[in-house]
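# Residue-level structure breakdown
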Amino acid sequence: MVTQKGEPGKVAIIGAGVCGLISLRYAKESGHQCDVFEQTGEFGGTWVYTDNYGIDENGLPITRNLYQDLITNVPKEMMEFLNFRHSSDINESYITQPLVLKYLRDFADKFDLEKHIQYYSYVTKVEPHDDRWTVTVRDVKRKEERSECYDAVFICNGSFAHPRMPEVKGEKLFKGLLFHSCDYRSTTLFVNKRVLVVGGSFSAVDISRLIIPVAQKVYIRGVLKQFCD
């Protein structure tokens, strides 16, 4: 991306997760002036673990949905950035969340990225303005908004930031615990419980594997249909 004058431009990057960090690296290396807006106080996106779910202390939805004991479902070698390898001290291919986060932090340190990140900055609006973009950002701590113009905007806030919860006929008659897998953190709530897991993709199978040793019974609904589609 260059301006109409053929010069490096000013770039806004929304989100400081995996996509935001790699976008920042290459935009920065191409000579662009970059501002990264991150609504939380730490980069790493979904790979930053939190016990909390729902709404955070600033009134924003919590989009970090990792759970305890999670292991990647693809080899770490397939998750590496170009010309930046995992530490040679890691022998296993399927690694834990802390190791993934350490990789991202090492990456940010290597390419001096963090100084471009503005924390607790929530983008509320992106509007076209002539041949540029006006980006409106709210400081979630001070509750103040400001706007600035950019030549390009990268949307890097994740394709699964907000869960999709299907409506099931009669679900309101159920008096037990009902929630989306994005709110799952540990097996604690499921000790000696009968659990129904709806869905058969990666999260459903992995969470079921963790719950089975502590639950009274685990039923998985939809595995064959989803795996065969």
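Check the entry above for the structure.
Computed from a prediction, not measured in an experiment: that's the story for all the values here. (Residues numbered from 1 in each chain as written. Predicted model: local features only at pLDDT ≥ 70, side-chain atom pairs only at ≥ 80, totals over all residues. Heavy atoms only, no water.)

This part is about the side chain of D139. Along the chain, D139 turns up in strand β5 (residues 132-139). A polar contact of 2.9 Å, which involves the side chain of D139, links it to the backbone nitrogen of R142. Once residues lying within four places of it in the same chain are set aside, the contact partners of D139 are Y120 and E144. (Helix = DSSP H or I, 4+ residues; strand = E, 2+ residues; numbered from the N terminus. Polar contact = N/O pair within 3.5 Å; in protein donor to acceptor, adjacent residues only side chain to side chain. Contact = heavy atoms within 4.5 Å.)

This next bit is on the sheet that holds strand β7 (residues 152-155). Across the sheet, 4 strands lie side by side as β3-β2-β1-β7; this open sheet has parallel pairing. The open sheet terminates on both sides in strands that have one partner only, identified here as β3 (117-119) and β7. Taking the axes of each pair of neighbouring strands and ignoring which way they run, one obtains an average angle of 20 degrees across the sheet. Relative to β7, strand β1 (residues 10-14) runs parallel, the two sharing 4 bridges. When the bridges of β7 are listed, A12 appears paired with V153. (Pairing = 2+ DSSP bridges. Axes fitted to C-alpha atoms, helices over the stretch in contact; angles between N-to-C directions.)

For the rest of this paragraph, the subject is the side chain of D35. With respect to the secondary-structure elements, D35 resides in strand β2 (residues 33-38). Lacking a salt bridge, the buried D35 has K10 as its closest oppositely charged neighbour, with an N-O distance of 4.9 Å. Among the polar contacts listed, one links the side chain of D35 to the side chain of Y150, at a separation of 2.7 Å. Among all residues touching D35, those that are not within four sequence positions of it are K10, V11, A12, I13, H116, Q118, E148 and Y150. (Buried < 20%, exposed > 50% of the residue type's maximum accessible area, 1.4 Å probe, protein only. Lys, Arg positive; Asp, Glu negative; His and termini not counted. Salt bridge = Lys/Arg side-chain N within 4 Å of Asp/Glu carboxyl O.)

In the structure shown here, the tally under the stated rule is 13 salt bridges. In this structure, R132 engages D151 in a salt bridge whose closest nitrogen and oxygen atoms are separated by 3.2 Å. With R132 in strand β5 and D151 in the loop between β6 (144-150) and β7, the pair connects residues that are 19 residues apart, well separated along the chain. Look at R132 and you get partly exposed, because its relative accessible area is 28%. Here R138 makes a salt bridge to E145, at a shortest N to O gap of 3.6 Å.

Next up on the list: the pairing of strand β8 (residues 194-198). The alternating pattern of β8 places V195 and V197 on a buried face and R194, L196 and V198 on a face that is not buried. On the question of chirality, the crossover connecting β8 to the parallel strand β9 (residues 217-221) by way of helix α3 (residues 202-211) is right-handed. (Right-handed = clockwise from strand over helix to strand, strands pointing away.)

Glancing now at the packing of aromatic side chains. Applying the stated criterion to the full structure yields 10 aromatic pairs. Ring geometry for F37 versus Y150: centroids 6.2 Å apart, planes at 85 degrees, classification edge-to-face. In this pair, F37 is assigned in strand β2 and Y150 in strand β6, connecting sequence segments 113 residues apart. Take F37 and Y150: they sit in the same class, and that class is buried. Ring centres of F81 and F107 lie 4.4 Å apart, and the angle between their planes is 55 degrees; on these two criteria the pair is classed as tilted. Here F81 is found in the loop between β2 and α2 (97-110), whereas its partner F107 is found in helix α2, with 26 residues between them in sequence. As far as burial versus exposure is concerned, F81 and F107 are alike and both buried. By way of ring pairs, the aromatic residues F81, F84, Y103, F107 and F111 are connected into one cluster. The ring of Y150 has K10 lying over it, and the distance from NZ or CZ to the ring centre is 5.1 Å. Of note, R25 hangs over the ring of F111, and the distance from its end group to the ring centre comes to 4.0 Å. (Phe/Tyr/Trp six-rings, centres within 6.5 Å; stacked < 30°, edge-to-face > 60°. Lys NZ or Arg CZ within 6 Å of the ring centre and 35° of its normal.)

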